Amino acid sequence: MEILGVSGSPRKGGNTETLLRETLQMAERMGCTTRTFPLSEKAVAPCKACGGCFQSGACVIQDDMQELYALSSRADAIVWASPVYFGDVTAQLKCVMDRTFAQLQRRSLKNKVAGVLVVTRRVGAVQAKSLVNSFCIVHGMVVAGGAIGYGRDPGDVLTGVGGGMNMTAMEEARLLGEAVVNLAKRLRGAP
Ligand SMILES: Cc1cc2nc3c(=O)[nH]c(=O)nc-3n(C[C@H](O)[C@H](O)[C@H](O)COP(=O)(O)O)c2cc1C
């Protein structure tokens, strides 16, 4: 079983990448193969609404999104992660979300499991999480759960609280990994 993590933070080694790693490490402990697509190292241009994907089901823009089309199409589950920027996901992750319009034409993300992870200094986590949840539903993905981390500087989430009662962000990230893998196994009919 393959679990893909997409990090929307432009900051390498930041809080989003830290929490996403924790989620994916839990998936590995449960026997899964994991892949990451960190937008701190990738360049994905915005959708230009050319309509090319209506004709062919493929996006005409040749950039790192082509790698993500391949990775996401074969993954059993995808964890979407983003810091909160002005109350929502980053522009980098929004570019990725818009470019999945090509995959919507082919329904290639349908019935995959999703997890949603957001990091914020203080406010906006719920809005950002809601946007990603809605995006997953449009694609027909099945959302297994989410996690929230609070922090500003890189590493803050290592000791910070999570969004749930009496939970640290790292605990929530691990629980998210567990929930994603368990649901993916059930959808596959595995015991
Ligand atoms: C452009 C920008 C906008 C931000 N907007 C918000 C915001 O609306 N609410 C908030 O609480 N924190 C906001 N932050 C803080 C980040 O969410 C926070 O620093 C987070 O830990 C960054 O994650 P990263 O380390 O993975 O990059 C913003 C940070 C930046 C750079």
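Residues numbered from 1 in each chain as written. Predicted model: local features only at pLDDT ≥ 70, side-chain atom pairs only at ≥ 80, totals over all residues.

A.B. asks: What's the story with the packing of helix α1 (residues 15-29) against helix α7 (residues 169-188) in this structure? I'm lost.
C.D. replies: Each pair of packed helices can be described by the angle between their axes along with the distance between the axes. Contact pair α1 / α7: the axes reach a minimum separation of 7 Å and the direction vectors enclose 45°. Considering the angle they form, α1 stands oblique to α7. Relative to α7, α1 is oriented so that their crossing is right-handed. Listed contacts from α7 to L19, E22, T23, L24, M26 and A27 of α1 are A169, M170, A173, R174, L176, G177, E178, V180 and V181. Grouping the constituent residues of the contact of α1 with α7 by class yields 10 nonpolar, two polar and three charged. (Axes fitted to C-alpha atoms, helices over the stretch in contact; angles between N-to-C directions. Helix = DSSP H or I, 4+ residues; strand = E, 2+ residues; numbered from the N terminus. Parallel < 35°, antiparallel > 145°, perpendicular 65-115°, else oblique. Left-handed = near helix turned anticlockwise from the far one by under 90°. Contact = placed C-beta atoms within 7 Å. Nonpolar A, V, L, I, M, F, W, Y, C, P; charged D, E, K, R; others polar.)

A.B. asks: Got a minute to help me understand the sheet that holds strand β1 (residues 2-7) in this structure?
C.D. replies: Across the sheet, five strands lie side by side as β2-β1-β3-β4-β5; this open sheet has parallel pairing. Two strands lie at the open edges of the sheet, namely β2 (33-38) and β5 (142-150), each paired on one side alone. Taking each pair of neighbouring strands and ignoring which way they run, the sheet shows an average axis angle of 15°. Of the pairings in the sheet, the one linking strand β4 (residues 113-120) to β5 comprises eight bridges and is parallel in character. Across the sheet, the residue bridging to V119 is G149, located in β5. Along the sheet, helix α6 (residues 125-139) contacts β3 (77-83), β4 and β5; its crossing angle with β4, the most-contacted strand, is approximately 160°. (Pairing = 2+ DSSP bridges.)

A.B. asks: Could you clarify how one ought to interpret the pairing of β5 in this entry?
C.D. replies: Sheet faces and side chains relate simply in a regular strand, where the side chains alternate between the two faces. Of all nine residues in β5, seven are buried; the element is thus mostly enclosed. Handedness of the crossover joining β4 and β5 through α6: right-handed. (Buried ≥ 20, exposed ≤ 12 C-beta atoms within 10 Å, placed from the backbone. Right-handed = clockwise from strand over helix to strand, strands pointing away.)

A.B. asks: Explain unusual backbone geometry here, please?
C.D. replies: Most peptide bonds are trans, and most residues other than glycine sit at a negative phi. Residues other than glycine seldom take positive phi values, yet A49 does so here, at roughly 55°. You can see A49 is positioned in the loop between β2 and α2 (52-56). In the Ramachandran plot, N166 falls in the positive-phi region, its phi being about 55° despite a non-glycine side chain. Within the secondary structure, N166 sits in the loop between β5 and α7. A residue is classified by how many C-beta atoms lie within 10 Å of it, and N166, with 7 of them, is exposed.

A.B. asks: What exactly am I supposed to notice about the environment of Q127 here?
C.D. replies: Along the chain, Q127 turns up in helix α6. Note: C-alpha distance between Q127 and D88 (39 residues apart in sequence) is 6.0 Å. Setting aside its immediate chain neighbours within four residues, Q127 contacts G87 and D88.

A.B. asks: Would you mind going over helix α4 (residues 91-99) with me for this structure?
C.D. replies: Along an α-helix, residues three or four positions apart point the same way, because every turn accommodates 3.6 residues. Residues of α4 that are buried: Q92, L93, V96, M97 and R99. One side of α4 holds all its buried residues, which, seen down the axis, span an arc of 170°. The elements touched by buried residues of α4 are β1, α3 (65-74), β3, α5 (101-106) and α6. (Arc of directions from axis to C-beta.)

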